Amino acid sequence: MANVIGPDISFYQDDPQTPQGVDFIKMRQAGAGFIIIRAGQNLWADRDFKVNWRESKLAGMPRGSYWFYDSRVDPKKQADLWVSLFDGDFGELPMWCDFEDNYGGSFKGWKNWYNFIERLKAITSNVEIGVYSAYYYWLENMAGVPTASVNYFKQYPLWIANYGTNSPLVPKPWTADEWTLWQFTDNGNGGVYGVESGNIDLNYFNGDTAAFLQRFGLSETPIPIPGPVSKMFRVTVPSLKVREGPGLTEKQIGNILLNEVVEEIDADANRTWLKIRKTDGSLSGWSFAAYLQRISGTPEPEPEPEPEPEPTSNWYRVTTASLRMRSGPGISYPQTGSIFLNEVVEELDSNTERTWLKVRKADGSLTGWASSDYLAPTEAPTPTPPPPPEEEDENWYRITTSSLKVREGPGLEYDSIGLVYFGELVEKLEATSDGSWFKIKNQDGSLTGWSDSQYMVSVHAPEPEEPPTTIPVPEHSDKNWYRVNTTTLNVRDMPNLSGKIIGKVYKNDTIPALDDSSTPGWAQIQKLDGLAGWCSKDYLVQITTTDRPTSITQNLFTGVTYLRKDLTTPRPIVVHVLAIDLQTAKLEFLVTPSPNNSDILCTRTTSQFLEEFKLHTAINGGYYSYLDSSYDPTTLCPNGGEPVRVSDYAASRGKIYSPKKTAQPVVYIGPKNQVTFNKEQGKVFNAVSGDRMVVVDGKVVKNLAAQVPNPRTAIGLNKNARWLTLMVVDGRQPGYSEGVTFPELAELLISYGAHTGANMDGGGSSAMSIMGFDGEARVLSSPIDLGKPGRERRVANHLGLFIRP
């Protein structure tokens, strides 16, 4: 017997810094017969649930959902939230209650599981409910439970997790073969099944295809996998010009009209213009693609029209200079208005003798009764068509990536509600004030929402805005580099011992020589903070000649060491690390504060944050979303920046200004610099939220999205909680640094000693800055915003460090 196989997925199979989502067509083609989709946990909906639910249905996959039961929250509230996500479409497979929680909350144990299931049953109808668990977890949690209570769960189908065996171990009350689904591995090939994680959970149904269809009442005729894309299009405007070539300057050779169907025979490179042919072959040429809607199949030829009887006109023309309109059919009724010579009206009713007609003016502004003696039949007026849209319309954009998520709002915190695809033309309806998110509508109007504008290009390719000026750290790739081989070495303003000491470098610091030949025994060096001065070469060891070393170390401040690593495999990668000794005295952390103690902040670049609060180091923080147009940026942010809303939990110096607890990890930093992940220690002091955990107990979290490298920001902590690692990986810059996947990020954190680590907001938000010797920020990383290397993105919150004198 060949068991039906299907994956289960969650937001962990998705990388929010990439535009594409799960490829469910590829999943079906790989042989998946069903899909189980995570709906949420605690009081948090999975941020990809809606788009996964929608797209898997469009791909024709039987769908089930699961909810990770969380013992820290009332089970009834969890059940209510789960049911609220479906809008009546509960899928084709059961709702699976996932019982594997180890939080030890006040709602743990089988009695609360019972309450959870019973609440689901109370607020749904004709929806099957199932139980997911692991064999040993179930045994442990059912130990000592009365048999009658254990047997309660037997009425529900079992989805059992059991790896590395030829058949699953099944706990009581179910018998050995009484399982419905078996999660047999968490190490399936994610790429094969169309997800961004390297691995994926895979499950067997306890039976073959025929048994699967019968068990869940599914049709024996599956929805066909979508085939080749149709080449037929329908015109969506009253009249569309056809030109000799693909461009507005090309000569017009004809027109195609509203709802006319044409065939695509060619396209320009970016599919802004299509070469089309009328179905009767009478006209071929190029038309603007924004006004052509793809339709399925080849249109059937229209049958010869049958002759129709001559219709009786309901329209009349006034034959007298002025004709009174009355409230009823007779001169005794009050006058309600007048219609005038040659005005055209529509008949709505009449008296029996048709001596009086109830009529309505063509514009609908007046209705009443008029004498038919002064009304002559006429043809219906021809409405004046709206002018055809100009092909120069600047609100049309082309999608430039394989697929792009459309979200409910302008930010990564909002749920995905659908996808648009490479080459598709979309209409921009509005934009955030900084232009980084567009509200778009696809051509057929079936999908409207917000998408990241960096994956769209105007069909008229406007010039992008110039990036703001930042101070990058020079590469010095053409200099000789030295390593300091003494405990402390003075930096002087002149190349002699009488020169004034203006700074210091420390043992194992890696520094470039701006000049190491003009003065024997001395080298002019430059630190990362921009300070340049002279050092005795007696205490310097040359490590490269006119070439930047692949590994750089500098002691920046007391307790803070910078490390840079240039990797060449599996692709060019540049890693920036700040290693912070939390036992160092005089360290003070700061999460971006809120001036009004609300979750609305004004955006700043990481460098602006550092300079404004006079910090020594800073990185970008967590996710945020843009506000709608009802908020006035000049009122909320009179000193500049855009008003945005912090997406997740955040606190600054004892003030919790964003109390939202979500599925995203929280990094807590106490008043004595004690750092924890997802666990408060006493009163909350500083807190910033990330995207997902990538390292737990010194190991890479399983099934992380692993398909596309991107810029990343991460925070890690070693096992004894002494060393804090702030990491930024540059990306999206071919030949310099292309970024890393989540598993690669986790491996990097582990290589720098992290036992626990979280990914933060990344992509164009990633940035690392330090205070320069002159008090101005220096950008250690190479940020990239809206495709511009070196441009810092303005973001909501940040994590900074100040070292007291």
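Here, every reference points to the structure presented above.
What this report covers is the structure whose coordinates are included nearby. (Residues numbered from 1 in each chain as written. Predicted model: local features only at pLDDT ≥ 70, side-chain atom pairs only at ≥ 80, totals over all residues. Heavy atoms only, no water.)

What follows concerns the sheet that holds strand β41 (residues 587-591). The five strands are arranged β41-β60-β43-β56-β57 in an open sheet whose pairing can be described as antiparallel. Both outer strands of the open sheet, β41 and β57 (777-779), are each paired with one neighbouring strand and no more. With strand direction ignored, the average angle separating the axes of adjacent strands in the sheet is 20°. Of the pairings in the sheet, the one linking strand β43 (residues 617-620) to strand β60 (residues 798-803) comprises four bridges and is antiparallel in character. Each residue of the ladder has a partner; that of A618, found in β60, is G800. (Pairing = 2+ DSSP bridges. Helix = DSSP H or I, 4+ residues; strand = E, 2+ residues; numbered from the N terminus. Axes fitted to C-alpha atoms, helices over the stretch in contact; angles between N-to-C directions.)

A few words on the state of the cysteines. Following the criterion strictly, the structure yields one disulfide and no others. The residue that forms a disulfide with C602 is C637, at a sulfur-sulfur distance of 2.1 Å. Measuring handedness by torsion sign, the sulfur bridge of C602 and C637 sits at about -95° and is left-handed. Of this pair, C602 sits in strand β42 (residues 600-602) while C637 sits in the loop between α9 (633-636) and β45 (643-646); the two residues are 35 residues apart in sequence, bridging distant segments of the chain. Neither residue differs from the other here; C602 and C637 are each classed as buried. (Disulfide = S-S within 2.5 Å. Buried < 20%, exposed > 50% of the residue type's maximum accessible area, 1.4 Å probe, protein only.)

Residues I580, I715, L724, M727 and L780 are the most contacted members of the largest nonpolar core, which totals 63 residues. Formed by 52 residues, the second largest nonpolar core is a distinct cluster that contains L85, F116, I117 and W138. (Core = buried A, V, L, I, M, F, W, Y, C linked by side-chain atoms within 4.5 Å.)

A separate point is the pattern of salt bridges. Tallying each qualifying case throughout the model produces 34 salt bridges. As a salt-bridge pair, R571 and E744 come within 2.8 Å of each other at their nearest N and O atoms. Taken together, the residues span a long stretch of sequence, with R571 in the loop between β39 (560-567) and β40 (573-581) and E744 in helix α10 (residues 742-751) at a distance of 173 residues. A salt bridge links E680 to K661; the nearest nitrogen and oxygen atoms lie 3.1 Å apart. Residue E680 is found in the loop between β49 (675-677) and β50 (686-689), and its partner K661 is found in the loop between β47 (655-658) and β48 (666-669); the two are separated by 19 residues along the sequence. Under the relative-accessibility criterion, E680 is labelled partly exposed at 38%. Classification of K661 by relative accessible area gives partly exposed; the value is 41%. Each of K57, R63, D89 and E92 takes part in a single network of salt bridges with overlapping partners. (Salt bridge = Lys/Arg side-chain N within 4 Å of Asp/Glu carboxyl O.)

Another aspect to go through is the packing of aromatic side chains. Applying the stated criterion across every chain yields a total of 37 aromatic pairs. Both rings, one in Y152 and one in Y156, keep their centres 5.5 Å apart while their planes meet at 65°; by these two values the pair is edge-to-face. Look at Y156 and you get buried, because its relative accessible area is 6%. Taking 4.0 Å as the distance between ring centres and 15° as the angle between the ring planes, the aromatic pair formed by F184 and Y204 counts as stacked. Residue F184 is located in strand β8 (residues 181-189), and its partner Y204 is located in strand β9 (residues 199-205); the two are separated by 20 residues in the primary sequence. Given the relative accessible area of 18%, F184 is considered buried. A cation over an aromatic ring shows up here: K428 above the ring of F438, its NZ or CZ 4.9 Å from the ring centre. Positioned over the ring face of Y649 is K661, at 5.0 Å from the centre of the ring. (Phe/Tyr/Trp six-rings, centres within 6.5 Å; stacked < 30°, edge-to-face > 60°. Lys NZ or Arg CZ within 6 Å of the ring centre and 35° of its normal.)

Bringing the environment of L590 into the picture now. Examined against the element boundaries, L590 turns out to sit in strand β41. For the pair L590 and N686, spaced 96 residues apart in sequence, the C-alpha to C-alpha distance is 6.6 Å. Every residue in contact with L590, bar those within four places of it in the chain, is listed here: F609, F613, L615, S652, R653, N686, H798, L799 and G800. (Contact = heavy atoms within 4.5 Å.)

The strand order across the open sheet formed by five strands is β47-β46-β50-β48-β49, and the pairing between neighbours is antiparallel. Edge positions in the sheet fall to β47 and β49, since each has one partner strand and no second. On average, each strand axis in the sheet is tilted by 25° relative to the strand beside it, whichever way the strands run. Relative to β49, β48 runs antiparallel, the two sharing three bridges. The residue of β49 that forms the bridge with V667 is F677.

Take the environment of Q524 next. Mapped onto the fold, Q524 is located in strand β35 (residues 522-526). Classification of Q524 as partly exposed rests on a relative accessible area of 23%. Considering only alpha carbons, one finds Q524 and S282, 242 residues apart in sequence, at a separation of 77 Å. Other than its neighbours up to four places away in sequence, Q524 contacts P512, A513, L514, D515, G533 and W534.

This part is about the side chain of D14. Along the chain, D14 turns up in the loop between β1 (5-9) and α1 (24-29). By relative accessible area, which is 3% here, D14 ends up buried. A distance of 2.9 Å separates a polar atom in the side chain of D14 from a polar atom in the side chain of K405. The contacts of D14, once residues within four sequence positions are left out, are Q20, G21, D48, E196, K405, R692, A705 and F742. (Polar contact = N/O pair within 3.5 Å; in protein donor to acceptor, adjacent residues only side chain to side chain.)

Time to look at the side chain of T180. Checked against the element boundaries, T180 lands in the loop between β7 (158-161) and β8. Those residues in contact with T180 that lie beyond four places of it in its chain are W96, P157, L158, Y204, F205, N206 and F216.

Moving on: helix α2 (residues 49-58). Taken together, the buried positions of α2 are F49, V51, N52, W53, E55 and S56. In the core, the buried residues of α2 are packed alongside β1, α1, β2 (35-41), β4 (63-68) and β26 (416-421).

The interhelical angle for the contact between helix α3 (residues 75-84) and helix α4 (residues 110-123), taken along N-to-C directions, is 35°, at an axis separation of 8 Å. Of the two elements, α3 crosses α4, and the hand of that crossing is right-handed. In this structure, α3 uses P75, K76, Q78, A79, D80, W82 and V83 to contact α4, whose residues at the interface are N112, N115, F116, R119, L120 and I123. Counted by class, the contact of α3 with α4 contains seven nonpolar, three polar and three charged residues. (Left-handed = near helix turned anticlockwise from the far one by under 90°. Nonpolar A, V, L, I, M, F, W, Y, C, P; charged D, E, K, R; others polar.)

As paired strands, strand β17 (residues 315-318) and strand β20 (residues 344-350) are joined by three bridges and run antiparallel to one another. Note that in β20 the partner of Y316 across the bridge is V345. Hairpin connection, β20 to strand β21 (residues 356-361): the antiparallel pair is bridged by five residues, and R354 has positive phi, about 60°.

On the surface, a nonpolar cluster with roughly 300 Å² of combined accessible area is contributed by Y136, L139 and L169. With respect to the helices, strands and loops of the structure, Y136 is situated in helix α5 (residues 135-142). (Patch = residues over 30% accessible without salt bridge, like charges linked within 9 Å, V, L, I, M, F, W, Y side chains within 5 Å. Areas by Shrake-Rupley, 256 points an atom, 1.4 Å probe, with all protein chains shown as cover.)

Interpretation note: all reported values are geometric properties and have no functional meaning in isolation.
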